[in-house]
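# Structural features, examined
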Amino acid sequence: LESVGSTVLAPIQMGVSGTVGEASNFVSTIQRVRDLASENAEYKDQLDQLQSQLVQLRELEVENADLRNLLSMKERTGPGALMSVAVIARDDTPYVQAITIDRGSNDGVKQDAVVITHKGLVGHVERVNPTSSKVRLINDLNSSVSVRLQTESRTTGVLRGQSQGNLMVVAYIPQTDV
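This one's a predicted model, so the numbers in the text were calculated from it and none came from an experiment.

Moving on, we come to the pairing of strand β3 (residues 114-117). In this sheet, strand β4 (residues 120-128) lies alongside β3 in antiparallel orientation, the contact comprising four bridges. The residue bridging I116 from the neighbouring strand is L121, located in β4. What sits between β3 and β4 in their antiparallel hairpin is a turn of two residues.

On to the nonpolar core. By size, the foremost hydrophobic cluster in this structure holds seven residues: I99, I101, V109, V115, V125, V135 and L137. Elements with a minimum of two residues in this core: β2 (96-101) and β5 (133-137). Apart from residues lying up to four places away in sequence, L137 is in contact with R90, Q97, A98, I99, V122, G123 and S143.

Our focus in this paragraph is the side chain of R136. Inspection of the secondary structure assignment puts R136 in strand β5. Polar contacts involving the side chain of R136 include one to the side chain of E126, which spans 2.4 Å. Engagement of the side chain of R136 in a polar contact is seen with the side chain of D140, the distance being 2.7 Å. If near-sequence neighbours (up to four positions away) are discounted, R136 is found in contact with Q97, A98, V122, G123, H124, E126, N142 and S143.

The rules behind each value
Residues numbered from 1 in each chain as written. Predicted model: local features only at pLDDT ≥ 70, side-chain atom pairs only at ≥ 80, totals over all residues. Heavy atoms only, no water. Pairing = 2+ DSSP bridges. Helix = DSSP H or I, 4+ residues; strand = E, 2+ residues; numbered from the N terminus. Core = buried A, V, L, I, M, F, W, Y, C linked by side-chain atoms within 4.5 Å. Buried < 20%, exposed > 50% of the residue type's maximum accessible area, 1.4 Å probe, protein only. Contact = heavy atoms within 4.5 Å. Polar contact = N/O pair within 3.5 Å; in protein donor to acceptor, adjacent residues only side chain to side chain.

As structure tokens, then:
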């Protein structure tokens, strides 16, 4: 009887056992998918934070480079020759290109002083008040600056502002040196 029962029930028992095993594997797979989805969400949050930090680091790199350039410019000109300023207003009409800075006669600013950055010439001080100054920009229609071309001829000319936006033109150079 045992032999007959074993022969008849063994395949059924194996089928049930296999089905239970597969069901167990299925449940464990679903649990693993949930765990991976949770991990994925955490990784996305970390990635967002790291990307934000990367943007901040890039901004700091640019600021660092600007500060290094200003420091090297200060070393070349000597003590007391430069002062830092902030732009507090802008007069950006088509016929007047000017800014107002936060330094004036109380800080030692003089009329006709040159205004520069580490990138080059900005303009000149047109009017000085005790705590602020108006700076006429080099791209102003009434502004002109002597320049030297960076060509083999090293010809000089006059850089003038134009009334159309930020356009500038170099005048008074021989046609052969263009």
